[in-house]
Amino acid sequence: MKGCKYGTHRVLGENVLPQPAKKISNDMNIYDNEILIDVQALNIDSASFTQIEEECNHDIEKIKSKILEIVEEKGKMQNPVTGSGGMLIGTIEKIGSDLEGNIDLKVGDKIATLVSLSLTPLKIEEIIDIKSDIDRVEIKGKAILFESGIYAKLPTDMEETLALAALDVAGAPAQTQKLVKEGQSVLILGAAGKSGMLCCYEARKKAGKTGKVIGLVINSEQAEFIKENDLVDEAIIVDAQNPNAVLNKVLEVNNGKEVDLSINCVNVSNTEMSTILPVRDGGVVYFFSMATAFTKAALGAEGVGKDVDMIIGNGYTKGHADVTLTALRESETLKNIFKKLYV
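Rules behind the numbers
Residues numbered from 1 in each chain as written. Predicted model: local features only at pLDDT ≥ 70, side-chain atom pairs only at ≥ 80, totals over all residues. Heavy atoms only, no water. Helix = DSSP H or I, 4+ residues; strand = E, 2+ residues; numbered from the N terminus. Buried < 20%, exposed > 50% of the residue type's maximum accessible area, 1.4 Å probe, protein only. Contact = heavy atoms within 4.5 Å. Pairing = 2+ DSSP bridges. Right-handed = clockwise from strand over helix to strand, strands pointing away. Phe/Tyr/Trp six-rings, centres within 6.5 Å; stacked < 30°, edge-to-face > 60°. Lys NZ or Arg CZ within 6 Å of the ring centre and 35° of its normal. Axes fitted to C-alpha atoms, helices over the stretch in contact; angles between N-to-C directions. Parallel < 35°, antiparallel > 145°, perpendicular 65-115°, else oblique. Nonpolar A, V, L, I, M, F, W, Y, C, P; charged D, E, K, R; others polar. UniProt positions renumbered as here; feature names shortened; annotations may be inferred. Core = buried A, V, L, I, M, F, W, Y, C linked by side-chain atoms within 4.5 Å. 1 Å grid on protein atoms, 1.4 Å probe; cavity = no way out; pocket = protein on both sides within 12 Å on 5 of 7 lines; lining within 4 Å. Points joined across faces, edges and corners; volume = space filled by probe spheres on them. Disulfide = S-S within 2.5 Å.

(A) Structural view of unusual backbone geometry. Although it is not a glycine, D230 adopts a positive phi angle of roughly 60 degrees. By secondary structure assignment, the location of D230 is in the loop between α6 (220-228) and β9 (234-237). Since its relative accessible area comes to 54%, D230 is described here as exposed. A positive phi is found at N255, a non-glycine position, where the angle reads about 55 degrees. Inspection of the secondary structure puts N255 in the loop between α7 (243-253) and β10 (259-264).

And the structure:
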């Protein structure tokens with residue numbers, strides 16, 4: 001039997017797509033146009049993992065229980081508070097008859113899914129380990145990729161865990177590469193995080209010597225880190241939830257001028273106005289953070305009279321996996337940082 005290419009046949013009791021659905025079927029008998037994956041690890045979205053961790057008071061057993069509870073209730077790993085998911089790494093176990101021979105996958109291939117866990121049918125048999133420092137959950141379980149689902153075969157020239165760490169946030173650096181123009185000034189909020197560092201790298205590459213990349217971080221240790229590793233031109237230490245302070249710091253390091261582009265990669269809420277306020281009229285604001293409240297952003301920009309283009313961070317843009325893995329291949333510094341922090 002063939003299902004809808006977008007997975008609506010698995011939505012239970014609603015006329016919606018799988019991502020906004022309250023519950024989807026995680027029956028692991030696949031349709032003819034689905035792919036069954038033997039899952040090794042989940043990379044939980046940073047905003048989601050941070051919320052679960054805080055709710056569970058950093059207790060690993062409680063975090064395990066919460067994740068199992070969410071998947072049991074929803075048929076997928078979608079945080080009910082943030083609405084976000086993450087991605088997974090696994091091995092192809094079975095390919096539906098309609099897809100077999102028509103796609104570049106075969107049984108046994110190792111892949112990372114590049115669609116969110118918030119729409120991916122998932123069944124967890126057991127949580128083996130939780131690596132809370134890198135938002136990774138190692139499991140025994142199965143998942144299903146719909147016909148429309150995007151994925152990346154894991155590269156053979158780097159460790160799987162290294163590739164997974166980067167692919168988890170592949171949309172951000174790829175969108176940065178498209179948005180940044182030579183000579184521009186760019187503010188990156190959350191510059192010392194995983195997506196933030198990749199965005200810094202792409203922004204500096206595109207802005208060139210005449211541009212300026214400003215990284216916003218929360219403490220002097222992070223500021224020194226991104227400066228020492230030559231990821232930014234300027235590092236500012238300021239609370240991302242304090243828009244006036246952010247604006248003043250940006251003006252201080254940018255010759256009294258607002259920036260052309262800001263990119264939000266933080267994993268906490270209430271940072272919308274800190275992303276909007278430092279941007280010039282006619283500039284661009286890119287929200288990659290899943291902790292963004294778009295009502296706050298829209299009404300907030302209107303409230304301060306900012307004529308800026310605001311872009312919702314789409315985790316997918318064509319070629320995003322290649323852009324991200326290329327960054328690790330090009331930059332020994334970036335590769336070593338990712339190995340140390342996320343592998």
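From this point, things continue past the structure.
(B) Quick look at helix α10 (residues 320-330). Restricting attention to buried positions, one finds in α10 the residues H320, A321, V323, T324, L325, A327 and L328. In the core, the buried residues of α10 are packed alongside β6 (151-153), α3 (160-167), α4 (171-179), α5 (194-207) and α11 (332-342).

(C) Highlighting the pairing of strand β11 (residues 279-287). Here five bridges tie β10 to β11, and the two strands are oriented parallel to one another. Bridging from a neighbouring strand, S262 pairs with V285 of β11. With respect to chirality, the unit in which β11 leads through helix α9 (residues 294-303) into the neighbouring parallel strand β12 (residues 309-312) is right-handed.

(D) The arrangement of the packing of aromatic side chains in detail. Enumeration over the complete set of coordinates arrives at three aromatic pairs. Plain terms: the ring middles of Y286 and F288 are 6.3 Å apart, the flat faces sit at 35 degrees to each other, and that makes the pair tilted. Exposure remark for F288: the relative accessible area of 13% places this residue in the buried category. Here the guanidinium or amino end of K194 rests over the ring plane of Y342, the centre of that ring lying 5.3 Å away.

(E) Highlighting the sheet that holds β9. Read across the sheet, six strands follow the order β9-β8-β7-β10-β11-β12 without closing on themselves; strand pairing throughout is parallel. Among the strands making up the open sheet, the edge pair consists of β9 and β12. Each strand of the sheet is rotated relative to its neighbour by a mean of 15 degrees, with strand direction disregarded. Lying over the sheet, α4 contacts β10, β11 and β12, oriented at roughly 155 degrees with respect to β11. Lying over the sheet, α5 contacts β7 (185-189), β8 (212-217) and β10, oriented at roughly 175 degrees with respect to β7.

(F) Expanded view of the packing of α5 against α11. In the contact formed by α5 and α11, the axes pass within 12 Å of each other and the chain directions differ by 180 degrees. Of the possible angle classes, the one that applies to α5 and α11 is roughly antiparallel. Only L334, I337, F338, L341 and Y342 of α11 make contact with α5, whose side of the interface consists of K194, M197, L198 and Y201. Here the residues of the contact of α5 with α11 sort into eight nonpolar, no polar and one charged.

(G) Inspection of the UniProt feature "domain: L-erythro-3,5-diaminohexanoate dehydrogenase N-terminal" (unreviewed entry) in the protein at higher detail. Under the local residue numbering, the UniProt record ascribes the feature "domain: L-erythro-3,5-diaminohexanoate dehydrogenase N-terminal" (unreviewed entry) to residues 10-155. Taken as a whole, residues 10-155 contains 17% helix and 32% strand, while its terminal C-alpha atoms sit 31 Å from one another.

(H) View of the nonpolar core. Counting 50 residues, the largest nonpolar core has L167, I188, I263, L334 and F338 as its most contacted members. For this core, the element with the highest residue contribution is α5, accounting for seven residues. Beyond its immediate sequence surroundings of up to four residues, I263 is in contact with T176, V186, L187, I188, L189, C199 and Y286. Counting residues in each nonpolar core, the second largest holds 29 residues, with I52, I63, I111 and A143 among its members.

(I) Examining the packing of α3 against α11 more closely. Running from N to C, α3 and α11 cross one another at 100 degrees; their axes reach a closest spacing of 10 Å. As the angle between them shows, α3 and α11 are arranged roughly perpendicular. Only K335, F338, K339 and Y342 of α11 make contact with α3, whose side of the interface consists of L162, A165 and A166. Classifying every residue of the contact of α3 with α11 gives five nonpolar, no polar and two charged.

(J) Structural context of the layout of surface pockets. Volume-wise, the second largest pocket comes out at about 160 Å³. Around the second largest pocket, the lining residues are Y201, R204, K205, N229, D230, L231, S331 and T333. Among the elements that take part in the lining of the second largest pocket, α5 stands out by supplying three residues, more than any other. Its residues assigned to classes, the lining of the second largest pocket shows two nonpolar, three polar and three charged.

(K) Quick look at the state of the cysteines. Under the counting rule described, the total for this entry stands at zero disulfides. Free of any disulfide, C265 has its nearest neighbouring cysteine sulfur in C199, separated by 3.9 Å.

(L) Spotlight on the environment of E332. Looking at the secondary structure, you find E332 in helix α11. Take E332: its relative accessible area is 46%, and that puts it in the partly exposed class. When the C-alpha positions of E332 and V279 are compared, they lie 32 Å apart, and in sequence the two are 53 residues distant.

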